Structures are given as structure tokens and as C-alpha cells.
Amino acid sequence: MLPNPYTPGRPAQVLGGRTRERARIASLLERVETLGEYAGPLHVFHAPRGLGKTSLLRSAEREAASRGFATVWVSATRRGNVAAELTHALRTSLERLDSIGSRDLAAFGLHLSKVELQLGVPGAGVRASVERSRDGGTAPEPVTPAEAPVSGLESVLRDSAALVRGSGGAGLALFVDEVHAADRAGLGVVLNALQNLDGASSAAPLAAMFAGLPNTPEVIIDAATFGERSQWLPLDRLDDDDSAVALVRPAADAGVDWDHAARRRVVSDAAGYPYFLQLLGSTTWDVAAPDPGAVLELDHVRAGYRDAREQLGSLFRARWSKASPGQQEFLVAMVELMLEHGTDDVERAGVARRLGRTTREISVPRDRLIAQDVIEPTGRGLLRFTMPGFAGFVAEEAGIDGAERLQAPARFPEL
Ligand SMILES: Nc1ncnc2c1ncn2[C@@H]1O[C@H](COP(=O)(O)OP(=O)(O)OP(=O)(O)O)[C@@H](O)[C@H]1O
Ligand SMILES: [Mg+2]
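Quantities reported herein were computed from a predicted structural model and do not represent experimental measurements.

1. Focus on the overall build of the protein chain
Counting its secondary structure elements, the protein chain contains 16 helices and ten strands. Taken over the C-alpha atoms alone, the protein chain extends approximately 75 × 60 × 35 Å along its principal axes. Evaluated residue by residue, the protein chain yields a buried proportion of 51% over its 415 residues. Considering only intrachain contacts with a sequence separation of at least 6, the fraction spanning at least 24 residues in the protein chain is 73%. For the protein chain, the exposed area adds up to about 19,000 Å²; of that, 48% sits on carbon and sulfur atoms. For the protein chain, the separation between the mean place of its 46 positive charges and that of its 54 negative charges on side chains is 3 Å.

Okay, here's the thing in C-alpha cells:
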């Protein structure tokens, strides 16, 4: 039996679609390679959970590495300092490069330690004093606290990009995932440093790409107003052709085929949602346990649905039980309106009316649900569920009549 090539819940190795996004990434990297300077503006991918931001960013990282970039990856967290984490990841990335001589690296390490100190990177104090004594005991120059981190990070980025370039590489490629969770202060430092490099006279061969949930643009603009000049790149669900590629290619690479009917079924039920394609691909594969040359058929798909539903059931249940009674009430009202109007998007004002409150009174559960990424605003006072199938789960959980009338993706199909 061949190993399962599908990746539900893990970054995809084979991307279906995303051709336009990948072309933009390639052209950004190419500009750094050719011109040897910072290629702005900052590229920011944003989308609800599970649409493939991390997968795309990881593929960009592979692309950058194959073009000779030193790559630096950070996944922001609520409790971290994204500027400090970036500096730390930068150190690790440079240390991994064989092309940089140990003398250059040691000199650079000292410079880096000073910035790590300013940013409060854990362990930086010890590292700095070790490096300082090796260097002949020079003390770091005094700095103004407010300015220090930005100019420190800026110079560290410029110098390391030049170091990579000078040793035969293309430059530096920075990737920050989960940007919506980044701390405001740290994100401000990173954005300001990049902004300064963009306008700088001395070249910094560097590219930066960010990814995060749909509120990422607000988070970025809140951290630095000029952030609004970023290149915003929303990711959408995949169309049927791209879904088919995402489903068929991983199997084909292992010499296994999808029968036409089986493929159509999964592509239609996944409704362009990459996580569902991987999940259904995976459960179908496990049932079929194929050898090279085998064909995946509708029967395998059907049998695999049981597993898929079980996995989704636990996922949905966790989301549901995390919601407060007020939030659950809000979600139920949304599903009722979806059924009433036969649409995926519902009006915020309609939810308020149904609950007998004003829109202001429902703003707390609404904002919490958006922050937890259970629902998302789709413009002009409209809201929708982020995850296909969850509305159907809510309908069943709350015993709402007519739940079977919900269409995919609002309802995960029963076979
Ligand atoms: N273009 C694609 N083709 C095929 N599968 C994909 C694609 N993009 C994502 N996937 C799959 O979809 C799922 C979600 O992908 P990923 O983790 O990249 O999404 P995300 O947007 O980063 O989600 P989150 O917001 O939860 O971090 C994974 O199982 C991944 O393998
Ligand atoms: Mg992700």
C-alpha cells in the first residue's frame, strides 16, 4: 500500500490553482534577483481559515530557496513579539548557510545580538556578552529606546541581505504567517523597518510576504498607517478545475488515478474549499488502500465519507461548545435566516431583528464570533459562516427544521 499523499490540516505540497498568486510571488522574487534591491510593496495574502494561506506561503518559501534566497519564516502569536521572533529566525537562517564565512557571521552575530537585546529576545543578553568578549570587549553604543528597535532591525535586515548577496545568494526573503495575531508594537517595528528599506538609498536585496485572516489589513494599518499601501491579495475558494487538480495530482504522482464519477463527486461536495478536498481525498485513499496503477472509485469515496464526517463532527463540536450561549443564539439566528432567504450571506440587521435587539446590542457576540473566525463580514452589513458545513451542523444541533435544504458548502453532504 502506498503512503497517503493527502494533507488535511497540513500545508499542501501540491497546490491546486493559485496560479496568479504564484506568478506575483515569482515576479517579486525576480525583481530582487535582477535589481538587487528591496522589492516593495509588501505582499499580504488574506483569507478565512483553511483556504490555503500557509500552503501558499510555504510554496513561496520553497520557490525563494530554489532561487538562492536565504529564507526567514515567522508564525506570529498573540503572546510573542514578532520583531524579536523575526530577528531570531534570521539568525538561525544565516547560521544554516554554508556560503557565509565564519568571520563574517561572527561580526554579524554581534550586530544582531545588539538588536536582539533592544527587542528583548530571550537569551540575547548572554549571547551578546559572549560575543562582545570574543570581539575584544567593545560595549554597544547607547541608543534612544523608541527609535532603537526600528533602526536596529532595519540595519540588521539590510546587512544580512547584503551578506547573503555578497556570498553569491539572491538576497533575503521574509515570510510572516498568522499576521492577524501579531503584537501591535512588534508589527509596527517590522513594518517601519521595511518601509525605511523601501525608500533607502543603499540597496537591500529583500522581499517580504505576509499572510493572515481577513482582518489582517486592519491589523497592519492599525500598526502603521502607511501599511495601507501594501499589496492586498485575498485568497478565494478554488474553482472546479483547480479543485480537480488539487485532488488528482497527489494521487497521480503516486501512479494512482481518480475515476471520473468519484472525482466529480468530491470536487462538487468540497465546494472549492481546499481543506475538504484534502480531507475527502485522504479518507477515500485510506478506504481504497491503493497500489500503483489502482483507480479510486465512487464506492471508495462513499465509504470514506463516514470517516470524514466523524472528523468534521469533532471539529464542529469543538467550535460549537466554545461558543457562549449568546453566541450560539446568534449562530442559530443566522442559520434560520439562511434558510428563510436561501442565501449564504445574511444581514446583520436581520439577525438583530430576529433576536429582538438593536444591531448595537448584538455587536459583542458578533465581534467575538468574527475574532474566533467562526463567521466573517462580507461587506455592506452582511455576514456568513467561514467554514463550509458548520451552518448545517448548527442547524442539526439546534433542531432547526429544513436543515436538509441548506446547500453545500453551508451543509456538509450526506451520501
Ligand atoms: N491550493 C491548494 N491545493 C490543495 N490543497 C490545499 C491548497 N491550499 C490549501 N490546501 C489544503 O487545505 C488545508 C488548509 O490549508 P492551509 O493550512 O494552508 O490554510 P490556511 O489558510 O493557512 O489555514 P489557517 O487559517 O487555519 O492557518 C490543508 O489541508 C492544505 O493541505
Ligand atoms: Mg495557516
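Right, picking up where we left off after that structure.
2. Considering the packing of helix α7 (residues 184-199) against helix α8 (residues 216-223)
At a closest axis distance of 8 Å, the pairing of α7 and α8 adopts a crossing angle of 75°. The orientation of α7 with respect to α8, classified from their angle, is roughly perpendicular. Here α7 contributes R184, L187, G188 and L191 to the contact with α8, which in turn contributes V219, I220, D222 and A223. Its residues assigned to classes, the contact of α7 with α8 shows five nonpolar, one polar and two charged.

3. Observations concerning helix α13 (residues 325-341)
The end-to-end C-alpha distance of α13 is 24 Å, a good match for the 24 Å that 17 residues give at a rise of 1.5 Å each. Taken residue by residue, α13 has Q327, F330, L331, V332, A333, M334, V335, L337, M338 and L339 as its buried positions. Of the residues one or two after α13, G342 is the one with positive phi, at around 65°.

4. Quick look at the site of ligand 1
Taken together, the neighbourhood of ligand 1 is formed by 23 residues, with T7, R10, K53, T54 and S55 sitting nearest. The contact in question runs from an oxygen atom of ligand 1 to an N or O atom on the backbone of T7, over 2.6 Å. Contacts to ligand 1 include G52, whose backbone N or O atom sits 3.0 Å from an oxygen atom. Burial of ligand 1 by the surrounding chains reaches 91%, relative to a free accessible area of 630 Å². At the level of secondary structure, the elements contributing two or more residues to the shell around ligand 1 comprise α2 (53-66) and α11 (274-288). Two domains each donate at least three residues to the shell around ligand 1, and these are domain 1 (19-234) and domain 2 (240-320).

5. Topic: the confidence of the model for the protein chain
On average, residues of the protein chain carry a pLDDT of 89, and 91% of them reach 70 or more. Throughout residues 139-146 the model reports pLDDT below 50, and contacts reaching past four residues in sequence, or to other chains, amount to six contacts.

6. Some words on the pattern of salt bridges
Between side chains of opposite charge, a pair can form when the charged atoms approach closely. Taken as a whole, this structure holds 17 salt bridges when the rule is applied. D222 is paired through a salt bridge with R184; the nearest N and O atoms lie 2.9 Å apart. Taken together, the residues D222 in helix α8 and R184 in helix α7 connect sequence positions 38 residues apart. A single network of salt bridges, built from pairs that share partners, joins E30, E33, E63 and R67.

7. Looking at the environment of G52
The topology assignment puts G52 in the loop between β1 (43-46) and α2. Among the residues examined, G52 registers a relative accessible area of 17% and is labelled buried. Expressed as a C-alpha distance, the spacing of G52 and G313, which sit 261 residues apart in the sequence, is 21 Å.

8. A few points about the environment of P149
Residue placement: P149 occurs in helix α6 (residues 148-166). The class of P149 is buried, set by a relative accessible area of 12%. When the C-alpha atoms of P149 and A84 are compared, they prove to be 9.3 Å apart, with 65 residues separating the residues in sequence. Contact partners of P149, with chain neighbours within four places excluded, come to Q118, L119 and V189.

9. A look at the sheet that holds strand β9 (residues 375-379)
A sheet is described by the order of its strands in space; here three strands give the open sequence β8-β10-β9, paired in antiparallel fashion. At either end of the open sheet lies a strand with only one pairing partner, and these are β8 (346-347) and β9. Here four bridges tie β9 to strand β10 (residues 382-385), and the two strands are oriented antiparallel to one another. From the neighbouring strand, P377 faces β10, where its bridge partner is L383.

10. Here we look at the packing of aromatic side chains
Under the defined criterion, the tally for this structure stands at eight aromatic pairs. Where F316 meets F393, the ring centres are 5.6 Å apart and the plane angle is 50°; that geometry is what we call tilted. On the criterion of sequence distance, the pair formed by F316 in helix α12 (residues 298-322) and F393 in helix α16 (residues 390-397) is long-range, its members being 77 residues apart. On the accessibility criterion, F316 (4% relative accessible area) is buried. A relative accessible area of 9% places F393 in the buried class. Ring geometry for F390 and F393: centres 6.0 Å apart, planes at 10°, overall stacked.

Rules behind the numbers
- Residues numbered from 1 in each chain as written.
- Chains lettered and ligands numbered in written order.
- Predicted model: local features only at pLDDT ≥ 70, side-chain atom pairs only at ≥ 80, totals over all residues.
- Heavy atoms only, no water.
- Helix = DSSP H or I, 4+ residues; strand = E, 2+ residues; numbered from the N terminus.
- Buried < 20%, exposed > 50% of the residue type's maximum accessible area, 1.4 Å probe, protein only.
- Contact = heavy atoms within 4.5 Å.
- Areas by Shrake-Rupley, 256 points an atom, 1.4 Å probe, with all protein chains shown as cover.
- Lys, Arg positive; Asp, Glu negative; His and termini not counted.
- Charge placed at Lys NZ, Arg CZ, Asp CG, Glu CD.
- Axes fitted to C-alpha atoms, helices over the stretch in contact; angles between N-to-C directions.
- Parallel < 35°, antiparallel > 145°, perpendicular 65-115°, else oblique.
- Nonpolar A, V, L, I, M, F, W, Y, C, P; charged D, E, K, R; others polar.
- Expected span 1.5 Å × (residues − 1).
- Near = heavy atom within 4 Å.
- Polar contact = N/O pair within 3.5 Å; in protein donor to acceptor, adjacent residues only side chain to side chain.
- Domains from an automatic or database assignment.
- pLDDT = per-residue confidence, 0-100.
- Salt bridge = Lys/Arg side-chain N within 4 Å of Asp/Glu carboxyl O.
- Pairing = 2+ DSSP bridges.
- Phe/Tyr/Trp six-rings, centres within 6.5 Å; stacked < 30°, edge-to-face > 60°.

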